[in-house]
Amino acid sequence: MTNEIHYHDYLQLDKILNAQSPESNKHHLPAHDEMLFIIIHQAYELWFKQLHHEVDSISAIMKKPALNDNSPELQTVVHRLNRFATILRVLVHQIDIMETMTPMDFLDFRNMLRPASGFQSWQFKELEAKLGLKFQQRHGKEYYISQLRKEHIDIIKKAESEKSLLELVNAWLERMPLAPAPGPYPNPPPTGEGMANTQASLIQDASISSQADFWNEYRIAYVNSLAEEEKNNLEAFDEMFFEKPRTLNPEPQTSNPERSLSSSACRSALFIMLYRGYPLLQLPFQLLNILLEIDEQLSSWRYRHMNMVHRMIGTRIGTGGSSGKDYLKAAADKHYIFKEIAQLNSFLIERRKLPGLPRELEIRLGFAG
Ligand code: HEM
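A brief look at the structure comes next. The model shown is predicted, which means the values in this text are computed figures rather than measured ones.

Conventions used here
- Residues numbered from 1 in each chain as written.
- Predicted model: local features only at pLDDT ≥ 70, side-chain atom pairs only at ≥ 80, totals over all residues.
- Heavy atoms only, no water.
- Donors = N, O, S within 2.8 Å, 3.2 Å for Na, K, Ca; no water.
- Helix = DSSP H or I, 4+ residues; strand = E, 2+ residues; numbered from the N terminus.
- Near = heavy atom within 4 Å.
- Polar contact = N/O pair within 3.5 Å; in protein donor to acceptor, adjacent residues only side chain to side chain.
- Phe/Tyr/Trp six-rings, centres within 6.5 Å; stacked < 30°, edge-to-face > 60°.
- Buried < 20%, exposed > 50% of the residue type's maximum accessible area, 1.4 Å probe, protein only.
- Lys NZ or Arg CZ within 6 Å of the ring centre and 35° of its normal.
- Salt bridge = Lys/Arg side-chain N within 4 Å of Asp/Glu carboxyl O.
- Contact = heavy atoms within 4.5 Å.
- Core = buried A, V, L, I, M, F, W, Y, C linked by side-chain atoms within 4.5 Å.
- Axes fitted to C-alpha atoms, helices over the stretch in contact; angles between N-to-C directions.
- Parallel < 35°, antiparallel > 145°, perpendicular 65-115°, else oblique.
- Left-handed = near helix turned anticlockwise from the far one by under 90°.
- Nonpolar A, V, L, I, M, F, W, Y, C, P; charged D, E, K, R; others polar.

## Quick word on the coordination of the iron atom of the ligand
No other protein atom reaches the iron atom of the ligand as a donor apart from H305 (NE2), found 2.2 Å away. Within the element layout of this structure, H305 appears in helix α15 (residues 279–313).

And the structure:
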(Lines give C-alpha, C1' and ligand atoms only; values in the text may rest on other atoms or scores of the structure.)
Protein backbone atom coordinates (compact mmCIF):
# COMPACT_ATOMS: atom_id res chain seq x y z
CA MET A 1 0.00 0.00 0.00
CA THR A 2 1.41 3.36 -0.96
CA ASN A 3 1.50 6.14 1.56
CA GLU A 4 0.14 8.74 -0.83
CA ILE A 5 -0.12 12.21 0.51
CA HIS A 6 -3.58 13.68 0.15
CA TYR A 7 -4.47 17.37 -0.27
CA HIS A 8 -6.95 17.24 2.61
CA ASP A 9 -4.46 15.77 5.07
CA TYR A 10 -1.49 17.79 3.87
CA LEU A 11 -3.34 21.03 4.61
CA GLN A 12 -4.94 19.65 7.77
CA LEU A 13 -8.27 20.92 6.55
CA ASP A 14 -10.05 19.01 9.31
CA LYS A 15 -8.50 21.42 11.78
CA ILE A 16 -8.71 24.60 9.75
CA LEU A 17 -12.25 24.16 8.48
CA ASN A 18 -13.55 23.21 11.90
CA ALA A 19 -11.96 26.15 13.63
CA GLN A 20 -14.86 28.60 13.24
CA SER A 21 -17.28 28.71 16.16
CA PRO A 22 -19.39 31.88 16.01
CA GLU A 23 -20.39 33.13 19.45
CA SER A 24 -23.75 34.12 18.00
CA ASN A 25 -24.55 30.44 17.31
CA LYS A 26 -23.68 29.55 20.89
CA HIS A 27 -26.10 32.22 22.10
CA HIS A 28 -28.77 31.04 19.62
CA LEU A 29 -28.82 34.51 18.12
CA PRO A 30 -27.32 33.75 14.69
CA ALA A 31 -25.53 36.68 13.11
CA HIS A 32 -24.67 36.01 9.47
CA ASP A 33 -21.56 38.24 9.32
CA GLU A 34 -19.77 36.69 12.28
CA MET A 35 -18.41 33.94 9.99
CA LEU A 36 -16.77 36.61 7.82
CA PHE A 37 -15.40 38.32 10.93
CA ILE A 38 -13.80 35.09 12.17
CA ILE A 39 -12.41 33.99 8.82
CA ILE A 40 -10.89 37.36 8.03
CA HIS A 41 -9.09 37.43 11.38
CA GLN A 42 -7.89 33.87 10.89
CA ALA A 43 -6.63 34.72 7.40
CA TYR A 44 -4.72 37.67 8.92
CA GLU A 45 -3.18 35.46 11.59
CA LEU A 46 -2.06 32.93 8.96
CA TRP A 47 -0.40 35.70 6.97
CA PHE A 48 1.21 37.00 10.18
CA LYS A 49 2.65 33.52 10.63
CA GLN A 50 4.14 33.68 7.14
CA LEU A 51 5.56 37.15 7.87
CA HIS A 52 7.28 35.72 10.96
CA HIS A 53 8.69 32.92 8.84
CA GLU A 54 10.16 35.49 6.43
CA VAL A 55 11.54 37.91 9.01
CA ASP A 56 13.12 35.08 11.04
CA SER A 57 14.98 33.81 8.00
CA ILE A 58 16.02 37.34 7.00
CA SER A 59 17.33 38.07 10.50
CA ALA A 60 19.24 34.78 10.58
CA ILE A 61 21.08 35.79 7.40
CA MET A 62 21.68 39.34 8.58
CA LYS A 63 23.21 38.06 11.81
CA LYS A 64 26.10 36.51 9.87
CA PRO A 65 29.06 38.86 10.30
CA ALA A 66 30.39 38.13 6.82
CA LEU A 67 27.26 39.02 4.86
CA ASN A 68 28.69 40.94 1.95
CA ASP A 69 27.06 43.35 -0.40
CA ASN A 70 27.43 41.23 -3.45
CA SER A 71 26.56 37.86 -1.97
CA PRO A 72 23.72 35.59 -3.03
CA GLU A 73 22.53 35.83 0.56
CA LEU A 74 21.89 39.53 0.24
CA GLN A 75 19.79 38.66 -2.82
CA THR A 76 17.81 36.30 -0.62
CA VAL A 77 17.29 38.99 2.00
CA VAL A 78 16.01 41.44 -0.60
CA HIS A 79 13.83 38.80 -2.23
CA ARG A 80 12.20 37.83 1.06
CA LEU A 81 11.74 41.42 2.17
CA ASN A 82 9.97 42.01 -1.13
CA ARG A 83 7.67 39.11 -0.38
CA PHE A 84 7.09 40.56 3.09
CA ALA A 85 6.01 43.87 1.57
CA THR A 86 3.80 42.12 -1.00
CA ILE A 87 1.96 40.24 1.74
CA LEU A 88 1.44 43.51 3.61
CA ARG A 89 -0.12 45.03 0.49
CA VAL A 90 -2.59 42.13 0.42
CA LEU A 91 -3.33 42.65 4.11
CA VAL A 92 -4.18 46.28 3.46
CA HIS A 93 -6.60 45.23 0.70
CA GLN A 94 -8.29 42.62 2.88
CA ILE A 95 -9.88 45.51 4.74
CA ASP A 96 -12.09 45.95 1.65
CA ILE A 97 -13.69 42.60 2.46
CA MET A 98 -14.16 43.49 6.13
CA GLU A 99 -15.87 46.71 5.09
CA THR A 100 -18.60 44.81 3.26
CA MET A 101 -19.95 44.28 6.80
CA THR A 102 -22.13 47.21 7.88
CA PRO A 103 -22.12 48.69 11.42
CA MET A 104 -25.57 47.18 12.02
CA ASP A 105 -24.37 43.74 10.89
CA PHE A 106 -21.49 44.10 13.35
CA LEU A 107 -23.79 45.14 16.20
CA ASP A 108 -25.61 41.81 15.80
CA PHE A 109 -22.69 40.07 17.50
CA ARG A 110 -20.23 42.71 18.73
CA ASN A 111 -21.20 42.61 22.40
CA MET A 112 -20.77 38.85 22.49
CA LEU A 113 -17.05 39.31 21.80
CA ARG A 114 -16.10 41.47 24.78
CA PRO A 115 -13.37 41.72 26.02
CA ALA A 116 -11.68 40.01 23.03
CA SER A 117 -9.99 42.43 20.62
CA GLY A 118 -7.51 42.52 17.75
CA PHE A 119 -5.33 44.27 20.29
CA GLN A 120 -4.66 40.80 21.73
CA SER A 121 -3.06 39.66 18.48
CA TRP A 122 0.29 38.74 19.99
CA GLN A 123 1.58 37.71 16.56
CA PHE A 124 1.08 41.30 15.38
CA LYS A 125 2.89 42.75 18.39
CA GLU A 126 5.67 40.18 18.16
CA LEU A 127 6.12 41.12 14.52
CA GLU A 128 6.41 44.82 15.39
CA ALA A 129 9.06 43.86 17.98
CA LYS A 130 11.03 41.70 15.54
CA LEU A 131 11.10 44.56 13.06
CA GLY A 132 12.39 46.99 15.68
CA LEU A 133 9.60 48.54 17.77
CA LYS A 134 10.82 48.70 21.37
CA PHE A 135 8.55 48.52 24.41
CA GLN A 136 9.49 52.10 25.36
CA GLN A 137 8.34 53.38 21.98
CA ARG A 138 4.90 51.78 22.18
CA HIS A 139 1.79 53.83 22.57
CA GLY A 140 -0.27 52.55 25.50
CA LYS A 141 2.43 50.42 27.14
CA GLU A 142 0.47 49.69 30.32
CA TYR A 143 -2.59 48.83 28.28
CA TYR A 144 -0.60 46.25 26.35
CA ILE A 145 0.59 44.61 29.57
CA SER A 146 -2.93 44.56 30.99
CA GLN A 147 -4.65 43.11 27.94
CA LEU A 148 -2.39 40.26 26.91
CA ARG A 149 -1.94 36.87 28.51
CA LYS A 150 1.28 36.30 30.43
CA GLU A 151 2.51 33.68 27.95
CA HIS A 152 1.94 36.10 25.06
CA ILE A 153 3.70 38.96 26.84
CA ASP A 154 6.65 36.62 27.34
CA ILE A 155 6.76 35.89 23.61
CA ILE A 156 6.77 39.60 22.77
CA LYS A 157 9.36 40.39 25.46
CA LYS A 158 11.63 37.69 24.07
CA ALA A 159 11.37 39.25 20.61
CA GLU A 160 12.12 42.66 22.12
CA SER A 161 15.23 41.32 23.83
CA GLU A 162 16.69 39.85 20.63
CA LYS A 163 18.38 41.76 17.82
CA SER A 164 15.64 43.35 15.73
CA LEU A 165 15.78 43.72 11.97
CA LEU A 166 16.44 47.44 12.47
CA GLU A 167 19.43 46.70 14.73
CA LEU A 168 20.76 44.15 12.26
CA VAL A 169 20.44 46.66 9.43
CA ASN A 170 22.33 49.17 11.56
CA ALA A 171 25.16 46.67 12.17
CA TRP A 172 25.29 45.74 8.47
CA LEU A 173 25.50 49.42 7.47
CA GLU A 174 28.25 50.01 10.03
CA ARG A 175 30.28 47.14 8.57
CA MET A 176 29.82 48.37 5.01
CA PRO A 177 33.30 48.62 3.54
CA LEU A 178 32.30 50.72 0.54
CA ALA A 179 31.21 54.07 1.90
CA PRO A 180 34.08 56.54 2.37
CA ALA A 181 35.11 57.12 5.97
CA PRO A 182 35.14 60.74 7.11
CA GLY A 183 38.56 62.32 7.50
CA PRO A 184 39.35 64.65 10.41
CA TYR A 185 36.36 66.95 10.50
CA PRO A 186 37.63 70.31 9.30
CA ASN A 187 34.67 72.63 9.82
CA PRO A 188 34.19 74.40 13.13
CA PRO A 189 30.65 73.93 14.40
CA PRO A 190 28.49 76.94 13.48
CA THR A 191 28.45 79.49 16.29
CA GLY A 192 25.59 81.50 17.77
CA GLU A 193 25.36 84.23 15.18
CA GLY A 194 26.98 81.98 12.67
CA MET A 195 24.20 80.58 10.55
CA ALA A 196 24.26 83.51 8.15
CA ASN A 197 28.00 83.12 7.87
CA THR A 198 27.99 79.38 7.60
CA GLN A 199 28.10 79.26 3.86
CA ALA A 200 31.03 81.66 3.67
CA SER A 201 32.96 79.81 6.35
CA LEU A 202 32.33 76.50 4.63
CA ILE A 203 33.64 77.79 1.35
CA GLN A 204 36.67 79.14 3.12
CA ASP A 205 37.14 75.78 4.84
CA ALA A 206 37.07 74.05 1.53
CA SER A 207 39.72 76.28 0.10
CA ILE A 208 42.04 75.98 3.08
CA SER A 209 41.50 72.26 3.28
CA SER A 210 43.29 70.82 0.30
CA GLN A 211 42.71 67.36 1.75
CA ALA A 212 38.94 68.01 1.95
CA ASP A 213 37.49 64.54 2.11
CA PHE A 214 34.33 63.22 0.55
CA TRP A 215 32.05 64.12 3.46
CA ASN A 216 33.38 67.63 3.74
CA GLU A 217 32.76 68.13 0.05
CA TYR A 218 29.29 66.65 0.37
CA ARG A 219 28.52 68.87 3.35
CA ILE A 220 29.41 71.96 1.35
CA ALA A 221 27.26 70.82 -1.57
CA TYR A 222 24.43 70.12 0.87
CA VAL A 223 24.56 73.51 2.56
CA ASN A 224 24.58 75.17 -0.85
CA SER A 225 21.40 73.30 -1.72
CA LEU A 226 19.48 74.61 1.29
CA ALA A 227 16.88 77.36 1.04
CA GLU A 228 17.36 80.26 3.47
CA GLU A 229 14.62 78.92 5.78
CA GLU A 230 16.28 75.51 5.82
CA LYS A 231 19.72 76.58 7.01
CA ASN A 232 19.13 74.97 10.40
CA ASN A 233 19.24 71.63 8.59
CA LEU A 234 23.01 71.86 8.70
CA GLU A 235 22.97 71.27 12.43
CA ALA A 236 20.73 68.27 11.93
CA PHE A 237 23.15 67.07 9.24
CA ASP A 238 26.13 67.34 11.58
CA GLU A 239 24.27 65.62 14.36
CA MET A 240 23.00 62.83 12.16
CA PHE A 241 26.24 62.02 10.36
CA PHE A 242 28.96 63.25 12.71
CA GLU A 243 27.40 63.17 16.18
CA LYS A 244 28.10 66.85 16.62
CA PRO A 245 25.98 68.29 19.43
CA ARG A 246 23.74 71.09 18.27
CA THR A 247 24.68 74.58 19.35
CA LEU A 248 21.94 76.76 17.84
CA ASN A 249 18.94 74.62 18.73
CA PRO A 250 20.04 72.32 21.53
CA GLU A 251 16.55 70.95 21.99
CA PRO A 252 14.99 70.95 18.58
CA GLN A 253 11.67 69.30 17.87
CA THR A 254 13.35 66.90 15.50
CA SER A 255 16.01 65.61 17.86
CA ASN A 256 15.64 61.92 18.57
CA PRO A 257 17.00 60.67 21.89
CA GLU A 258 16.06 57.10 20.97
CA ARG A 259 18.22 56.97 17.91
CA SER A 260 18.50 53.50 16.37
CA LEU A 261 20.94 54.19 13.54
CA SER A 262 24.47 55.27 14.43
CA SER A 263 26.25 58.06 12.55
CA SER A 264 28.40 55.63 10.61
CA ALA A 265 25.32 53.58 9.64
CA CYS A 266 23.62 56.80 8.50
CA ARG A 267 26.64 57.74 6.39
CA SER A 268 26.62 54.34 4.69
CA ALA A 269 22.88 54.50 4.08
CA LEU A 270 23.10 58.01 2.61
CA PHE A 271 26.01 56.97 0.43
CA ILE A 272 23.99 53.99 -0.87
CA MET A 273 21.06 56.26 -1.68
CA LEU A 274 23.27 58.78 -3.46
CA TYR A 275 25.34 56.37 -5.52
CA ARG A 276 22.86 53.54 -6.03
CA GLY A 277 23.71 53.46 -9.76
CA TYR A 278 26.98 51.66 -9.02
CA PRO A 279 26.58 47.89 -9.41
CA LEU A 280 27.62 47.01 -5.88
CA LEU A 281 25.17 49.47 -4.33
CA GLN A 282 22.09 48.32 -6.21
CA LEU A 283 21.09 45.51 -3.85
CA PRO A 284 21.85 47.53 -0.70
CA PHE A 285 19.67 50.30 -2.14
CA GLN A 286 16.82 47.89 -2.78
CA LEU A 287 17.10 46.65 0.77
CA LEU A 288 16.77 50.15 2.22
CA ASN A 289 13.97 50.99 -0.16
CA ILE A 290 11.91 47.92 0.81
CA LEU A 291 12.22 48.83 4.49
CA LEU A 292 10.55 52.13 3.66
CA GLU A 293 7.91 50.24 1.68
CA ILE A 294 7.27 48.00 4.69
CA ASP A 295 6.79 51.02 6.96
CA GLU A 296 4.49 52.61 4.41
CA GLN A 297 2.37 49.48 4.04
CA LEU A 298 2.16 48.96 7.80
CA SER A 299 1.14 52.56 8.17
CA SER A 300 -1.47 52.18 5.39
CA TRP A 301 -2.85 49.16 7.22
CA ARG A 302 -3.03 51.09 10.49
CA TYR A 303 -4.81 54.03 8.87
CA ARG A 304 -7.25 51.86 6.93
CA HIS A 305 -7.97 49.81 10.05
CA MET A 306 -8.48 53.01 12.04
CA ASN A 307 -10.85 54.48 9.46
CA MET A 308 -12.74 51.22 9.27
CA VAL A 309 -13.07 51.27 13.06
CA HIS A 310 -14.38 54.83 12.92
CA ARG A 311 -16.89 53.85 10.26
CA MET A 312 -17.92 50.73 12.18
CA ILE A 313 -18.16 51.99 15.79
CA GLY A 314 -17.78 55.78 15.51
CA THR A 315 -16.13 57.07 18.65
CA ARG A 316 -17.23 54.25 20.95
CA ILE A 317 -14.59 52.41 22.92
CA GLY A 318 -13.12 49.20 21.51
CA THR A 319 -14.13 45.73 22.69
CA GLY A 320 -10.65 45.62 24.22
CA GLY A 321 -11.51 48.74 26.25
CA SER A 322 -9.21 51.25 24.54
CA SER A 323 -10.39 54.67 23.40
CA GLY A 324 -10.86 53.01 19.99
CA LYS A 325 -10.11 55.34 17.10
CA ASP A 326 -7.99 57.73 19.21
CA TYR A 327 -5.80 54.90 20.49
CA LEU A 328 -5.31 53.58 16.96
CA LYS A 329 -4.47 57.03 15.60
CA ALA A 330 -1.79 57.59 18.27
CA ALA A 331 -0.29 54.12 17.64
CA ALA A 332 -0.29 54.76 13.88
CA ASP A 333 1.54 58.07 14.34
CA LYS A 334 4.10 56.62 16.73
CA HIS A 335 4.86 53.16 15.41
CA TYR A 336 6.92 53.93 12.31
CA ILE A 337 9.85 51.54 12.60
CA PHE A 338 12.22 52.65 9.85
CA LYS A 339 11.56 56.38 10.19
CA GLU A 340 15.26 57.20 10.58
CA ILE A 341 15.91 55.78 7.12
CA ALA A 342 13.10 57.89 5.68
CA GLN A 343 14.60 60.93 7.44
CA LEU A 344 17.85 60.50 5.49
CA ASN A 345 16.02 61.71 2.42
CA SER A 346 16.18 65.23 3.90
CA PHE A 347 19.91 65.14 3.28
CA LEU A 348 20.02 64.26 -0.41
CA ILE A 349 21.27 66.65 -3.06
CA GLU A 350 20.74 66.80 -6.81
CA ARG A 351 22.48 64.00 -8.68
CA ARG A 352 24.43 66.39 -10.92
CA LYS A 353 25.95 68.08 -7.88
CA LEU A 354 27.28 64.89 -6.28
CA PRO A 355 31.01 64.83 -5.56
CA GLY A 356 32.84 62.61 -8.03
CA LEU A 357 34.28 59.45 -6.51
CA PRO A 358 37.96 58.55 -6.66
CA ARG A 359 38.74 56.10 -9.46
CA GLU A 360 39.87 53.42 -7.02
CA LEU A 361 36.53 53.56 -5.19
CA GLU A 362 34.61 53.47 -8.48
CA ILE A 363 36.41 50.26 -9.36
CA ARG A 364 35.55 48.74 -5.98
CA LEU A 365 31.94 49.71 -6.54
CA GLY A 366 31.86 47.60 -9.66
CA PHE A 367 32.66 49.95 -12.52
CA ALA A 368 35.58 48.06 -13.98
CA GLY A 369 38.51 49.53 -15.90
C1 HEM B 1 -15.16 45.30 12.45
C2 HEM B 1 -13.86 45.20 12.34
C3 HEM B 1 -12.91 45.69 13.39
C4 HEM B 1 -13.09 46.57 14.41
C5 HEM B 1 -14.35 47.36 14.78
C6 HEM B 1 -11.84 46.67 15.13
C7 HEM B 1 -11.63 47.46 16.23
C8 HEM B 1 -10.45 47.61 16.90
C9 HEM B 1 -10.23 48.47 18.02
C10 HEM B 1 -11.29 49.42 18.62
C11 HEM B 1 -8.96 48.32 18.42
C12 HEM B 1 -8.27 49.02 19.61
C13 HEM B 1 -8.21 48.08 20.77
C14 HEM B 1 -9.58 47.90 21.44
O15 HEM B 1 -9.98 48.73 22.24
O16 HEM B 1 -10.24 46.89 21.13
C17 HEM B 1 -8.35 47.36 17.54
C18 HEM B 1 -7.04 46.94 17.60
C19 HEM B 1 -6.47 46.06 16.72
N20 HEM B 1 -7.12 45.36 15.73
FE21 HEM B 1 -9.00 45.64 15.10
N22 HEM B 1 -10.92 45.87 14.52
C23 HEM B 1 -11.53 45.24 13.46
C24 HEM B 1 -10.96 44.35 12.59
C25 HEM B 1 -9.66 43.91 12.66
C26 HEM B 1 -9.06 42.95 11.77
C27 HEM B 1 -9.74 42.27 10.56
C28 HEM B 1 -7.80 42.76 12.21
C29 HEM B 1 -6.83 41.80 11.59
C30 HEM B 1 -5.97 41.11 12.29
C31 HEM B 1 -7.59 43.60 13.36
C32 HEM B 1 -6.43 43.70 14.10
C33 HEM B 1 -6.20 44.57 15.12
C34 HEM B 1 -4.91 44.75 15.75
C35 HEM B 1 -3.60 44.05 15.36
C36 HEM B 1 -5.08 45.70 16.74
C37 HEM B 1 -3.99 46.27 17.65
C38 HEM B 1 -3.39 47.50 16.96
C39 HEM B 1 -2.30 48.19 17.79
O40 HEM B 1 -2.22 47.97 19.01
O41 HEM B 1 -1.54 49.00 17.20
N42 HEM B 1 -8.74 44.29 13.61
N43 HEM B 1 -9.28 46.93 16.62
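## Details of the site of the ligand
Surveying the vicinity of the ligand reveals 28 residues, the closest of which are S117, H305, G320, S322 and Y327. Here an oxygen atom of the ligand and a side-chain polar atom of Y327 are 2.6 Å apart. Put simply, the parts of the chain that give the shell around the ligand at least two residues each are α4 (34–62), α7 (122–131), α15 and α16 (325–334). Counting residues per element, the shell around the ligand draws most heavily on α15, which supplies six residues.

## Digging into the packing of aromatic side chains
Under the defined criterion, the tally for this structure stands at 24 aromatic pairs. Ring centres of F214 and F271 lie 5.6 Å apart, and the angle between their planes is 80°; this geometry places the pair in the edge-to-face category. In this pair, F214 sits in helix α12 (residues 214–225) while F271 sits in helix α14 (residues 263–274), placing the two residues 57 residues apart along the sequence. Taken individually, F214 and F271 each receive the classification buried, so the pair is uniform in this respect. Note on F271 and Y275: the rings are 4.8 Å apart at their centroids and 35° apart in plane angle, and the pair reads as tilted. Judged by relative accessible area, which is 1%, F271 ranks as buried. Joined through ring pairs, the aromatic side chains of F214, W215, Y218, Y222, F237, F241, F242, F271, Y275, Y278 and F347 make up one cluster. In this structure, K125 packs its charged tip against the face of F119, placed 4.0 Å from the ring centre.

## Some remarks on the pattern of salt bridges
Opposite charge on two side chains allows them to pair when their charged atoms are near. One pass over the structure, following the stated rule, counts 21 salt bridges. The salt bridge involving E99 is made with R311; its shortest N-O contact spans 3.6 Å. Of this pair, E99 sits in the loop between α5 (72–98) and α6 (103–107) while R311 sits in helix α15, and the two are 212 residues apart along the sequence. It is possible to trace a salt-bridge network through shared partners that takes in E128, R138, K157, E160 and R302.

## Some words on the environment of P279
Looking at the secondary structure, you find P279 in helix α15. Along the backbone, P279 and N70 are 209 residues apart, and their C-alpha atoms lie at a distance of 9.0 Å.

## Focus: the side chain of Q20
With respect to the element layout, Q20 can be found in the loop between α2 (13–17) and α3 (23–26). Residue class for Q20 comes out buried when judged on its relative accessible area of 19%. A polar atom in the side chain of Q20 sits 3.0 Å from the backbone oxygen of I16. A polar atom in the side chain of Q20 sits 2.7 Å from the side chain of Q42. Look past the residues within four positions of Q20 in its chain and what remains in contact with it is M35, I38, I39 and Q42.

## With respect to unusual backbone geometry
Excluding glycine, a negative phi dihedral is what most residues carry, and trans is how most peptide bonds are arranged. Following R114, the chain continues to P115 via a peptide bond in cis, the omega torsion being 0°. Secondary-structure assignment places P115 in the loop between α6 and α7. Even without a glycine there, the phi angle at H28 is positive, about 55°. The exposure class assigned to H28 is exposed, which follows from its relative accessible area of 70%.

## Quick notes on the nonpolar core
Ranked by internal contacts, the top residues of the largest apolar core, which has 103 residues, are M62, L165, W172, Y218, F271, L287 and I294. Top element by residues in this core is α15. It accounts for 17 residues. When near neighbours in sequence (up to four residues on either side) are disregarded, Y218 contacts F237, L270, L274, F347, L348, I349, L354 and P355.

## A few points about the packing of α12 against α14
α14 packs onto α12 with a crossing angle of 65° between their chain directions and a minimal axis gap of 13 Å. As judged from the angle between their axes, α12 and α14 are roughly perpendicular. Seen from above, α12 lies across α14 with left-handed handedness. Of α14, the residues touching α12 (which contributes F214, W215 and Y218) are R267, L270, F271 and L274. When its residues are assigned to classes, the contact of α12 with α14 shows six nonpolar, no polar and one charged.

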